[in-house]
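Structure at a glance
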Amino acid sequence: MIRSIVFFLAWLSVGVLTACSETNHQAQEAAGIKPFATLQEIMLSVIDPNVDPIWNSVSTIATKEGVIEKVPTTDAEWQTLRNHAIVLIEAGNLLQIPNRTVAVAGASTSIHPVELDPKEIEKAIQRNQKDFSEKAIGLQNAAKLALAAIEEKNPDALLKAGEKIEHACEQCHSTYWYPNDTKPLAWKSLGSKNINPTYAKLRNLSQS
Ligand code: HEC
């Protein structure tokens, strides 16, 4: 009797394990969670507009008259940055919703010559959902450092958090977007008009 219970439990656990991803999917559908936007739209409409103000908030510009430091000063500026950090942290949750289309059919993600085709990206994400989620959590953790710096009104810590955020973007991009690129600085070829000054500065720093 005990034996058959043990067998039954063993059989059950195998069944549970194989059904696990299926169950996740079903639970997700039952909860009404269905991705709406493509991953490309999340990048362009949610992540980019909320990270740029954070990257641009602290900068040092050398001019003929001398070095101009730019830091947030007013409460309103800090509050705006806080709003952006909150969206960025939540964006990390959006990235973890499975089964998101990467790009609408025919859309180009080609701002980089060696990137994967959107359908290939989609397959790679589905095969490695756990790793993809970990990279999204990496972004959340970096954005949480930015939030802490904002709450302390600490420009130095915010600059450092900005670097961590950039690293989190790159970690995911170099794995899923352009894994065939041997140069770690792939993003530089985005075209200078698309690169915000802090981002470009960070890239130059990490290049030297
Ligand atoms: C968990 C993975 C992941 C993280 C984290 C991530 N991205 Fe992406 N991103 C991707 C993938 C995959 C693509 C390629 C597909 C596409 O174009 O959407 C991409 C593409 C992009 C694109 C190009 C969109 C296009 O096709 O025109 C931009 C811009 C972008 N990401 C910005 C960012 C920034 C900025 C961050 C960090 C603040 C970031 N991403 C963090 C996965 C990620």
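As the structure is a computational prediction, the values presented were derived from the model and not from experiment.

Looking now at the overall build of the chain. Looking only at helices and strands, the chain has seven helices and two strands in total. Taken from the N to the C terminus, the helices and strands of the chain come in the order α-α-β-β-α-α-α-α-α. Out of the 208 residues belonging to the chain, those deemed buried represent 20%.

On average, residues of the chain carry a pLDDT of 80, and 69% of them reach 70 or more. Scored below 50 in pLDDT, residues 183-208 makes 29 contacts in the model with residues more than four places away or belonging to other chains.

This part is about the environment of Thr80. Its location among the elements puts Thr80 in helix H3 (residues 75-95). Distance from Thr80 to Ile54, taken between C-alpha atoms, is 9.5 Å for residues 26 residues apart in sequence.

What follows covers the packing of H3 against helix H5 (residues 129-152). The N-to-C vectors of H3 and H5 enclose an angle of 165 degrees; their axes lie 8 Å apart at closest approach. Considered as vectors, H3 and H5 are oriented roughly antiparallel to each other. When you trace H3 past H5, the crossing you get is left-handed. Within the contact between the two elements, H3 uses Trp78, Leu81, Arg82, Ala85, Leu88, Ile89, Gly92 and Leu95 and H5 uses Ala136, Ile137, Leu139, Gln140, Ala143, Lys144, Ala146, Leu147 and Ile150.

So, how was this worked out
Numbering of residues starts from 1 in each chain and follows the order in which that chain's sequence is written. In keeping with the predicted nature of the model, local features appear solely for residues at pLDDT of at least 70, side-chain atom pairs appear and are counted solely at 80 or more, and the whole-chain, interface and lining totals rest on all residues. Numbering of helices and strands runs from the N terminus, with a helix taken as a DSSP run of H or I at least four residues long and a strand as a DSSP run of E at least two residues long. A residue is called partly exposed when the number of other C-beta atoms within 10 Å of its own lies between 12 and 20, exposed at 12 or fewer, and buried at 20 or more, with C-beta atoms placed from the backbone. Values of pLDDT, the confidence the predictor places in each residue, fall between 0 and 100. Any two residues are considered in contact once their C-beta atoms, placed from the backbone, lie within 7 Å. Axis angles are defined between N-to-C directions and span 0 to 180 degrees, where every axis is a line fitted to C-alpha atoms and, for a helix, only to the segment in contact. For classification purposes, an angle smaller than 35 degrees is called roughly parallel, one larger than 145 roughly antiparallel, one from 65 to 115 roughly perpendicular, and anything else oblique. Note on convention: near helix rotated counterclockwise from far helix by under a right angle means a left-handed crossing. Clockwise means right-handed.

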